[in-house]
Structure formats: C-alpha cells, structure tokens
Amino acid sequence: MKNPQYKRVVLKLSGEALSGENGYGIDHNILRTIALEVKEVNDRNVEVAIVVGGGNIWRGVAGSTKGMDRATADYMGMLATVINSLALQDALEKEGVDTRVQTAIEMREVAEPYIRRRAIRHLEKGRVVIFAGGTGNPFFSTDTTAALRAAEIEADVILMAKNVDAVYDSDPRINPAAQKFTELKYMDLLKNGLGVMDSTAASLCMDNQIPIIVFGIRDTGNVLKAVMGEKIGTVVGRNQMNDVLKQTESKMKRTVDLLVKDYTTMRAGRATPALLEKVFADYYGTPTPINQMATISVPESRLLVIQPWDRNMVPQIEKAILKSDLGITPVSDGNVIRLAIPTLTEEKRKDLVKVVNKKAEEGRIAIRNLRREANDQVKDADKKGDVSEDEAKRYLNDIQDLTDKYIKNIDQVAEAKEKEILEI
C-alpha cells in the first residue's frame, strides 16, 4: 500500500462548503461526508488539523458593508466559525474520530483555548484538531488563520477544499472557457488575484514555504487523494526537491529511532521494562505484549516485577519469558512475577558489543541507501530541467549534510550503548 505523501496537514474548509446546495446553514449530509473523508485520512496515521470558515452563517465583510462596525462584524464571524467547528466535531466523533476544538477566543465551556503545544500533542496522539475563532483578531480571514496555524504547528501542506475543483483564471461556473491551472507559484497568487486566498495568507505560506493544494470538496475521496500525493486540483508553491529533503530526513530519523528502540531491548545487566517489549504472551488466543497485560516496575537496579492485571495470565507470561531469548528464569508466587537480571559475564558483554556494532553498521548502510535514493531524484530532476545546476548542487550538499548528521547520531547511540554494556 502506498504511503501518504504528508504526515501533518491543515484542511481549510469554507463555511459555504458546509451549506451544500442551500447556500446557508449546515447541511448534515455534507457534514457527514466531510467527516468520513477526514476519518479515512486519520486512519492512515496522518495528523489532521482543520480550519473552517463561517460564511454559511455570517460574513464579517458583508456586515461591514451594511454599516456595521468592521471589528464587531468580524467577531460575529469568528463566533460563526465556532458553531461550524462544534458541528464538525460532533460529526467526526459520531464516526469514531477523537477530536478537539481549540478557539482563539476563550470559551472554556465549549472548547479548549488555542495552545500551540497542546494542539501538537493532540495531533501526535492521533486526534483531529479543529481551530475555531479565526486568529482571535478582526480584519483577518480564516485563510490567514489556516496559514498561521499551519506555520505554527509545522504542517507539511494546506489542503484548501473549495466548491470548484481547481484554480482558474476566471470563474468556470460563469465562463466555460476558463483556463485551469495545475501548478502555480506563490507570486502568481499575489500578482494575479486568483481568489485562492487573501494576500496575507499567501504571503505567510510563501515566507514559510508551505505548499497549498486547491481541490473540489464535492468530489468524494479528494482529501485522501491530496494526502496521498495524487495529482488533483491545483498545487501552489510545491517544491519537489524540498519534499525530497523532508521525506529523506524523516526516513533517516526513523532509522535512528528504530535503532534506539532495538538497543533498549538488549539486556545490558540492568533492569528496564524495555527488555519485555518484544515478548508476547498468549492472551486468550491473541499474542499480546506483556506491557499491555501487566504493570511492570523496577524496584531495584537488577530486578523487574510484573503484576498481571488478570491473575490467570501469570502462567502464560511465565511461559512467554521462558521461550524468549532473554535467558532469564521467571519466579512467580501466583500473583506476581519477578525477574532477577543476572550480571553479564565478560564474554557475554563482548558478544553484545559485537551485536551493537553490527546493528549500528546496518543503520549506517540504511542511511547511505536513503542518500543514494535522494541523490538519484535530484539528478533526475536536473536532467529534466526541473531544477537548475546550481540548485541541484545545493540539494546534493543538503542531502550529504543530512547523511553526516544521522550517521553521527548512530555513532553516538552505539557508543553510549557499548559503554552501558561494558560498565561493571
């Protein structure tokens, strides 16, 4: 199965998109359709944040043209976005998607206040976060909110779901001969007034190099297609080589993370719950990690205590430990299992150091392979003329810098593990 192109996205929905054919209010069928699309993306472990407009209920600009104070009209528009956000939260949760609404204007009875670090933590836990209340300031659109929040949470892309399927040089609903754009630069938005987003939002995206994908919300499956990197709608500001760099760094970081995790399961003479991470016991017919069946504590430096939540699991856990390659005999009183971690012999320490070095070298090879793949993509783009010769050289240098950085990380991790093993 193809992996998603993006890890963290901001989905920008206009208020009008929620109103369906009515042009006002909330169409619950549309709401459920959007919720199902977001769920499909969320199920692929993509972190989703949403900014929704309020134009289906109230537009601040329209109010100000009727003589209303602009700031007052804009605050009313912010409240409209909260209504839409709560409706969208309800629809998502009905589909089993854990969701949080954060507002720029504090109203704790209905939503959390916007706190950047908390929003990121929610996303990392797989929750969808809906940003309501605009920026909390009048004179700024929800487009600007989407650009600002995308920059703050370091989103990979802004997905702009609209009632038209792409960006055109004129309204295709009025002009059948309107020209469709598949790719645009940020400056095209600023110079030509193409109506994708306001100039403040476009400038924010340009300054922070956040690509924008504009597509039609009415075509089912478009949100997932955009996330998967399929060619739909109009792409604004995408730099293919920047994507290559981001993906390469993400893969290199994951390589180091996996090595660190692998090292934690290696017995180095000290007790740690991580020793049991790869040990699975039979839980009523289902192989289950021990840490999902019991509380594991470390009362002493060389002692692990396992307290199963279900006493009937004690024999199964004992059996699993004996079958594992830990080389430790469990001691049980029928309720609690104790693992005394034996002191490593000098010969065993030397053997473990060899394993540490072997795994480190495998990690270095994986990093170099990722470098080769990224270099090939840059060279291919250079041949096609997608990047200049100078740009290609710069990207190749950036890739080498990433390679040096993560190989150095592997060296440091391996050195620390070797030191831990040899420490008596």
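Not measured: the values here are computed from a predicted model.

S.K.: Whenever I open this one, the nonpolar core confuses me. Can you help?
M.R.: When a protein is soluble and globular, its nonpolar side chains tend to lie buried together. Formed by 40 residues in total, the largest nonpolar core has its most connected members in Leu 13, Ile 50, Leu 92, Leu 159 and Phe 215. Discounting residues that sit within four places of it in the chain, Leu 13 has contacts with Ile 34, Ile 50, Val 51, Val 52, Gly 53, Leu 88, Ala 161 and Ile 217. Counting residues in hydrophobic clusters, the runner-up holds 31 residues, among them Val 51, Ile 153, Phe 181 and Val 236.

S.K.: I'm lost on the sheet that holds strand 17 (residues 337-340) in this one. Help?
M.R.: Picture the strands of a sheet paired through backbone hydrogen bonds; they go either parallel or antiparallel. Overall, antiparallel pairing links the four strands, which are arranged 14-15-17-16 in an open sheet. Of all strands in the sheet, those bounded by a partner on one side alone are strand 14 (294-300) and strand 16 (331-332). Where strand 16 and strand 17 come together, two bridges link them in antiparallel fashion. Across the sheet, the residue bridging to Val 331 is Arg 338, located in strand 17.

S.K.: Just to check I follow, could you spell out the pairing of strand 3 (residues 99-103) for this structure?
M.R.: Buried residues dominate strand 3, accounting for four of its five residues. The pairing of strand 3 with strand 4 (residues 112-113) spans two bridges and is parallel. From the neighbouring strand, Gln 102 faces strand 4, where its bridge partner is Glu 112.

S.K.: Just checking my understanding: could you explain the packing of aromatic side chains for this structure?
M.R.: One pair of aromatic rings is described through two measures. These are the centre distance and the angle between the planes. Evaluated as defined, the whole model comprises two aromatic pairs. The interplanar angle of 85 degrees and the centroid separation of 5.5 Å between the aromatic rings of Tyr 114 and Phe 131 together place this pair among those described as edge-to-face. Taken together, the residues span a long stretch of sequence, with Tyr 114 in the loop between strand 4 and helix 5 (116-124) and Phe 131 in strand 5 (residues 128-132) at a distance of 17 residues. This pair shows no difference in class: Tyr 114 is buried, exactly as Phe 131 is. With a centroid separation of 5.0 Å and 75 degrees between ring planes, the pair formed by Tyr 283 and Tyr 284 is classed as edge-to-face. With a relative accessible area of 54%, Tyr 284 lands in the exposed category. In this arrangement the basic side chain of Arg 149 is found over the ring face of Tyr 114, its NZ or CZ atom lying 3.8 Å from the centre. Here Arg 149 stacks its cationic end above the ring of Phe 131, 5.8 Å away from the centre of that ring.

S.K.: Mind showing me how you'd approach the environment of Pro 4 here?
M.R.: Inspection of the secondary structure puts Pro 4 in the segment before strand 1 (8-13). Excluding its chain neighbours within four sequence positions, the residues that come into contact with Pro 4 are Arg 44, Val 46, Val 227 and Met 228.

S.K.: How should I be thinking about helix 12 (residues 346-384) in this particular structure?
M.R.: Owing to its 3.6 residues per turn, the α-helix brings residues three or four apart onto one side. Taking 1.5 Å per residue, 39 residues should reach 57 Å; helix 12 reaches 58 Å between its end C-alpha atoms and fits that length. Looking one or two residues beyond helix 12, the residue adopting positive phi is Gly 385, at roughly 85 degrees.

Calculation rules
- Residues numbered from 1 in each chain as written.
- Predicted model: local features only at pLDDT ≥ 70, side-chain atom pairs only at ≥ 80, totals over all residues.
- Heavy atoms only, no water.
- Core = buried A, V, L, I, M, F, W, Y, C linked by side-chain atoms within 4.5 Å.
- Buried < 20%, exposed > 50% of the residue type's maximum accessible area, 1.4 Å probe, protein only.
- Contact = heavy atoms within 4.5 Å.
- Pairing = 2+ DSSP bridges.
- Helix = DSSP H or I, 4+ residues; strand = E, 2+ residues; numbered from the N terminus.
- Phe/Tyr/Trp six-rings, centres within 6.5 Å; stacked < 30°, edge-to-face > 60°.
- Lys NZ or Arg CZ within 6 Å of the ring centre and 35° of its normal.
- Expected span 1.5 Å × (residues − 1).

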